[in-house]
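Listed below are the residues making up each chain.
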Amino acid sequence: FFKALRQDSPDANNDDDKWDVDALLILPNGDVGHPIVLQGDPFGVPHYEALCLRRDATSKDDTSRRRLYWAIGLSATAAGLAAFIRLSKTMKLSQSYGFVSRSLVSHTEVARVMGVGTNVQSSSGTFTAKFISGRLRLVNSAGSVADIDVTATREGAGRGSSWDILRARMHHGGLVYELDKKQFQG
């Protein structure tokens, strides 16, 4: 029967064209739930494991599965570490940015020039745990705009260390105001 299937080759008696059958089974009426094994051990054939036994995940050997678990664990650990580092940087950024924005909105000279209802509209520059060099745009309730340049440093990055304000300059209505550096708290 198998020789008849292979007679389409030019040399049917050639050893290169012979089949090596490890296992042979029949699926009556295409029913994968009740295969009939005619020859060999079908449990060593991955297609039998997947098609008839529905054991794709368990057909992996233990070494391969262990490597897969290690790779998943390693990538999950790396992703968690990256998320922690990013969160830490974001928290430090929010501390320095928060310090500047709170100090400017409550500054007496800014309040005198801008009036009530002043908020930070936008910001640009560098805001790190130990260094600030940025420009903040303030807008009041009447729509008046002021740009403020701030540069500050500090020795420690903790909450107990204070900022040393190097420059605090406000541009509003064509005028430049040097802000009192001592009024910055934090």
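Residues numbered from 1 in each chain as written. Predicted model: local features only at pLDDT ≥ 70, side-chain atom pairs only at ≥ 80, totals over all residues. Heavy atoms only, no water.

A. Representation of the confidence of the model for the chain. Residues of the chain with pLDDT of at least 70 account for 82%, and the chain-wide mean is 80. Contacts from residues 1-8, a stretch scored under 50 in pLDDT, to residues over four places away or in other chains number six contacts. (pLDDT = per-residue confidence, 0-100. Contact = heavy atoms within 4.5 Å.)

B. Geometry of the side chain of His 172. With respect to the helices and strands, the residue His 172 is situated in strand E6 (residues 164-172). A distance of 2.7 Å separates the side chain of His 172 from the side chain of Ser 144, its partner in a polar contact. Discounting residues that sit within four places of it in the chain, His 172 has contacts with Val 113, Met 114, Ser 144, Val 145, Ala 146 and Tyr 177. (Helix = DSSP H or I, 4+ residues; strand = E, 2+ residues; numbered from the N terminus. Polar contact = N/O pair within 3.5 Å; in protein donor to acceptor, adjacent residues only side chain to side chain.)

C. Fine view of a nonpolar patch on the surface. Together, Ile 26, Ile 36 and Leu 38 line one region of the surface with nonpolar side chains, adding up to about 270 Å² of accessible area. When you line up the elements, Ile 26 lands in strand E1 (residues 24-26). (Patch = residues over 30% accessible without salt bridge, like charges linked within 9 Å, V, L, I, M, F, W, Y side chains within 5 Å. Areas by Shrake-Rupley, 256 points an atom, 1.4 Å probe, with all protein chains shown as cover. Salt bridge = Lys/Arg side-chain N within 4 Å of Asp/Glu carboxyl O.)

D. Region of interest: the pattern of salt bridges. The final tally for this structure, using the stated rule, is four salt bridges. The salt bridge involving Asp 147 is made with Arg 137; its shortest N-O contact spans 2.7 Å. Of this pair, Asp 147 sits in strand E5 (residues 145-153) while Arg 137 sits in strand E4 (residues 131-139); the two residues are 10 residues apart in sequence, bridging distant segments of the chain. Overall, the relative accessible area of 15% leaves Asp 147 in the buried class. (Buried < 20%, exposed > 50% of the residue type's maximum accessible area, 1.4 Å probe, protein only.)

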